[in-house]
Amino acid sequence: MFEVHTFPVPEDAKERALVTKDQYQEWYKKSVEDPEGFWAEQGKRLDWIKPYSKIKNVNFMVPDVSIKWFEDGTLNASVNCIDRHLAKRGDQVAIIWEGDEPTDDAKITYNELADHVGRLSNVMKAQGVKKGDRVCIYMPMIPEAAYAMLACARIGAVHSIVFGGFSPDSLANRIQDSECKMVITADEGVRGGRKIPLKVNTDKALETCPSVTSVVVVKRTGGDIEWVDGRDIWYEEATEAASPDCPPEEMNAEDPLFILYTSGSTGQPKGVLHTTGGYMVYASMTHQYVFDYHDGDIYWCTADVGWVTGHSYIVYGPLANGATTLMFEGVPNYPDSSRFWQVCDKHQVNTFYTAPTAIRALMREGNGPVTSTSRKSLRLLGSVGEPINPEAWMWYHEVVGDKRCPIVDTWWQTETGGILITPLPGATDLKPGSAALPFFGVQPQIVDNEGEPLEGATEGNLCITESWPGQMRTVYGDHERFMQTYFSTYKGKYFTGDGCRRDEDGYYWITGRVDDVINVSGHRMGTAEVESALVAHDKVAEAAVVGAPHDIKGQGIYAYVTLNAGVEPTDELKKELVQWVRKEIGPIASPDWLQWSPGLPKTRSGKIMRRILRKIAEDEFGNLGDTSTLADPGVVDDLIDNRQNRT
Ligand code: ATP
Ligand code: MG
């Protein structure tokens, strides 16, 4: 086992903290003992048109699963993100936009945001988009993506964002699944100096999407595109001609706000549906407390709006709180791998929130690109998307954060709408690799395979026993799948699909997907621990571990290893790494097969797809299942060619 160092809350984080250690304990206790009282109070953080009198109405029992929060209240999400701030902070910057090229940027105030969103809302209405209609947003990371989300919210349309890196087929599937009426896109996107043919892809997708009657096109590059008269509308022309005043639609708390498909790490993506009231309360509250957000902070989440992190922590959470949120069009290594830190210096970013995949990739390039920048403005760092290996955590803390900045390792899912398990920067001592403690109102439970709750320090399957307002309400158009996926494995509980360990201090450690658990001679092992041991070796950049059939052990450990830039893959190093894991964890964890992998199969959001690696390790690569969410299919061919376990 690794030695676990604990990092106490730094003094200055304590001083400015919205929540202190004692307050965390006290509020958490109240939130679970009296959830109705607790959430009745928290609901007031929003402006309601008609206030709610009912708080929570939830049933986790199949076949009657139903989740409602604040169900008799009405409100509008765009009003909460824009209108209510105008009197006090109309001239404050709402969105800092940093383009793909370092010379390209913009600042949008709350007044300007109101103007843009009002105009686009009117354009959409003129095209016949009504409350309840679905609208697909297929955009680069430009402010218009946020305007589009908020315009949908304003008129009561349900947005479904499809990540701009997805293919025409993936786009078509998602449009068809929710029968979108409109697509909002751009002529082309730009990322890392390369153009992405968004309009071409849209045209291709729409060949099989009869539900779409209009396409709004933002001119991002001015590149050559085809035009369908009567269907396609230029964003710039239409919004210029439209009025900026658009009265907001009065929405019930339980009216849908958006549909979003999960990353597809474990199989076919699910159309996760979130509603208005509970989601907004939860996004706003978690943004405020997890990032200890104060007026005047410059806050940057590097996610894409195509993922849930972009929804809750670039747009809805920060804007509901009247924050300044930074939106980045580019990638971490363009023009060079110092870009993130240059942007931090340029815009004086205080809070920086990214994913382990980005941290590991940058770590591979060494410290130089980081230490050549100041980063003095940084106060808090965050991580989300996968377990962060302690090694990567330490690098993030020491090199990026100069040992000053706390790190919030936030565990959550598209399904949860917001962060569920996380440290709070002014309240929680940190342990590298642990997502720490539950957020207010969140009741995690670790159960064995029969669903029996396990107490104290233990390891098993992670469930949540009580609802929280940000929880998804259904799989769009398939409530049966919703109940099957999340509520049928363990009766009366929300099952996350993740494995988890709880230590003697009550800290939670996500060990990986339950489907990926490896069983070696009767010992169950999460993937995260073995991977972290490999990554802790100074020549290893990234690792993925899966189980493969083994004559004696039942399952053996198959490790895919990516080396640091410039390191030579040799048989000697292979042996050294196997010994290394043996020493770090124990003989039971030593890999039976080790394959050099210049790249690993990842989802477009950067998560390792172990499902595919398992097939290769099992020598069953003929049927890899759904690979449509794979970022770079070429990686897979190389892995197949060099597999170690040929039968
Ligand atoms: P699909 O459900 O389609 O397979 P996905 O699970 O990758 O895709 P997301 O909702 O984007 O889709 O990801 C949520 C998952 O990401 C969690 O269930 C967990 O496995 C992982 N995760 C997110 N944040 C963390 C974290 N801080 N620590 C460990 N794991 C995390
Ligand atoms: Mg998932």
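Keep in mind that what you see is a predicted model, and the values were worked out from it rather than measured.

A closer look at the overall build of the chain
Broken down by element type, the chain carries 20 helices and 32 strands. Expected size for 647 residues packed as a compact globule is a radius of gyration near 26 Å; at 24 Å, the chain falls within 12% of this value. Along the three orthogonal principal directions, the C-alpha set of the chain runs to about 70 × 60 × 55 Å. Relative to its full complement of 647 residues, the chain shows a buried share of 61%.

Describing the domain arrangement of the chain
Domain boundaries assigned for the chain yield domain 1 (11-57 + 69-432) and domain 2 (521-642). The distance between the C-alpha centroids of domain 1 and domain 2 comes to 32 Å. Counting from both sides, the interface comprises 22 residues of domain 1 and, opposite them, 24 residues of domain 2. Both sides together, the interface formed by domain 1 and domain 2 hides about 1,900 Å², and carbon and sulfur atoms give 50% of it. Of all residues in domain 1, Ser265, Arg360 and Arg364 give up the largest surface area on contact with domain 2, accounting jointly for 28% of the area buried on that side. Where domain 1 meets domain 2, there are one salt bridge. Notably, a salt bridge pairs Arg360 with Glu542, separated by 2.6 Å at the nearest N-O pair. Summed over the shared surface of domain 1 and domain 2, the result is 10 residue pairs in polar contact (both at pLDDT 80 or more). Split by residue class, the side of domain 1 that touches domain 2 holds six nonpolar, 11 polar and five charged.

A look at the sheet that holds strand E23 (residues 444-447)
If you walk across this open sheet you meet the four strands as E23-E24-E26-E27, and the pairing is antiparallel. The sheet is open, and its two edges are formed by E23 and strand E27 (508-513), each paired on a single side. Adjacent strand axes in the sheet meet at a mean angle of 45°, parallel and antiparallel pairs treated alike.

With respect to the packing of aromatic side chains
Using the criterion set out here, one finds 44 aromatic pairs in the structure. Ring centres 6.0 Å apart and planes at 45° place the aromatic pair Phe38 and Phe440 in the tilted group. In this pair, Phe38 is assigned in helix H3 (residues 35-42) and Phe440 in the loop between strand E22 (437-438) and E23, connecting sequence segments 402 residues apart. Residue Phe440 is classed as buried on the basis of its relative accessible area of 0%. Ring plane angle 85° and centroid distance 6.0 Å describe the contact between Phe163 and Phe166, whose orientation is recorded as edge-to-face. By the burial criterion, Phe163 is buried, and Phe166 matches it. The positively charged end of Arg174 is found above the aromatic ring belonging to Phe166, 4.5 Å away from the centroid. Cation over ring: Lys431 sits above Tyr507, and NZ or CZ is 4.6 Å from the ring centre.

Let's talk about the pattern of salt bridges
Evaluation of the coordinates by the stated rule reveals 37 salt bridges. We note a salt bridge from Asp47 to Arg84, for which the minimum N-O separation is 3.6 Å. Note that Asp47 is positioned in the loop between H3 and strand E1 (56-59) and Arg84 in helix H4 (residues 77-89), a separation of 37 residues in sequence. When its relative accessible area of 37% is taken as the criterion, Asp47 is described as partly exposed. On the accessibility criterion, Arg84 (24% relative accessible area) is partly exposed. Linking Asp83 and Arg154 is a salt bridge whose minimum nitrogen-to-oxygen distance equals 2.8 Å. With Asp83 in helix H4 and Arg154 in helix H6 (residues 143-155), this residue pair connects regions lying 71 residues apart in the sequence. Under the relative-accessibility criterion, Asp83 is labelled partly exposed at 29%.

Here we look at the sheet that holds strand E18 (residues 351-354)
With mixed pairing, the seven strands of this open sheet are ordered in space as E5-E4-E17-E16-E18-E19-E20. The open sheet terminates on both sides in strands that have one partner only, identified here as strand E5 (105-109) and strand E20 (407-409). For this sheet, the mean inter-axis angle between neighbouring strands, taken without regard to orientation, is 20°. Note: strand E19 (residues 380-383) against E20, three bridges, orientation parallel. Its bridge partner being in E20, Gly382 is matched across the sheet by Val408. Packing against the sheet, helix H12 (residues 339-347) makes contact with strand E4 (93-98), E5, strand E16 (298-301), strand E17 (324-328) and E18, and its axis sits at approximately 145° to E4.

Some thoughts on the UniProt feature "binding site: Mg(2+)" (unreviewed entry) in the chain
Look at the UniProt record and you will see "binding site: Mg(2+)" (unreviewed entry) annotated at Val535, His537 and Val540. You can see Val535 is positioned in helix H17 (residues 527-535). The buried category is assigned to Val535, whose relative accessible area is 2%. Excluding anything up to four places from it in sequence, Val535 contacts Asn389, Glu391, Val540, Ala541, Glu542 and Ala543. In contact with His537, other than residues within four places in its own chain, are Leu573, Glu576, Leu577 and Trp580.

Thoughts on the confidence of the model for the chain
Per-residue pLDDT for the chain has a mean of 96; in total, 99% of the residues score no lower than 70. Interface confidence in the predicted complex, given as ipTM, is 0.99; pTM for the same model is 0.96.

As for the site of ligand 1
Lining the immediate environment of ligand 1, one finds 21 residues, of which Thr262, Ser265, Thr266, Thr414 and Arg513 sit closest. Residue Asp498 places a side-chain N or O atom 2.8 Å away from an oxygen atom belonging to ligand 1. Protein chains shield 94% of the accessible area of ligand 1, which is 640 Å² for the free molecule. The residue inventory of the shell around ligand 1, partitioned by class, reads five nonpolar, nine polar and seven charged.

So, the UniProt feature "binding site: CoA" (unreviewed entry) in the chain
As recorded in UniProt, the feature "binding site: CoA" (unreviewed entry) lies at Arg191, Gly192, Gly193, Arg194, Thr309, Asn333, Ser521 and Arg582. These residues run over 392 residues, and the two farthest C-alpha atoms among them are 49.6 Å apart, placing them at more than one spot. Locating Ser521 in the fold gives a position in the loop between strand E28 (518-520) and strand E29 (523-525). One can find Arg582 in helix H18 (residues 571-584). Looking at Arg582, the relative accessible area reads 38%, which means it is partly exposed.

Things to note about unusual backbone geometry
Peptide bonds are mostly trans, and most non-glycine residues show a negative phi. Residue Pro63 is reached from Val62 by a cis peptide bond, and omega for that bond is 10°. With respect to the secondary-structure elements, Pro63 resides in the loop between E1 and strand E2 (66-69). With a phi angle near 55°, Arg375 is a residue other than glycine that sits in the positive phi range. Take Arg375: it is sitting in the loop between helix H14 (368-371) and E19.

Analysis parameters
- Residues numbered from 1 in each chain as written.
- Chains lettered and ligands numbered in written order.
- Predicted model: local features only at pLDDT ≥ 70, side-chain atom pairs only at ≥ 80, totals over all residues.
- Heavy atoms only, no water.
- Helix = DSSP H or I, 4+ residues; strand = E, 2+ residues; numbered from the N terminus.
- Rg over C-alpha atoms; globule rule 2.2 N^0.38 Å.
- Buried < 20%, exposed > 50% of the residue type's maximum accessible area, 1.4 Å probe, protein only.
- Domains from an automatic or database assignment.
- Contact = heavy atoms within 4.5 Å.
- Buried area = accessible area lost by both parts, 1.4 Å probe.
- Salt bridge = Lys/Arg side-chain N within 4 Å of Asp/Glu carboxyl O.
- Polar contact = N/O pair within 3.5 Å; in protein donor to acceptor, adjacent residues only side chain to side chain.
- Nonpolar A, V, L, I, M, F, W, Y, C, P; charged D, E, K, R; others polar.
- Pairing = 2+ DSSP bridges.
- Axes fitted to C-alpha atoms, helices over the stretch in contact; angles between N-to-C directions.
- Phe/Tyr/Trp six-rings, centres within 6.5 Å; stacked < 30°, edge-to-face > 60°.
- Lys NZ or Arg CZ within 6 Å of the ring centre and 35° of its normal.
- UniProt positions renumbered as here; feature names shortened; annotations may be inferred.
- pLDDT = per-residue confidence, 0-100.
- Near = heavy atom within 4 Å.
- Areas by Shrake-Rupley, 256 points an atom, 1.4 Å probe, with all protein chains shown as cover.

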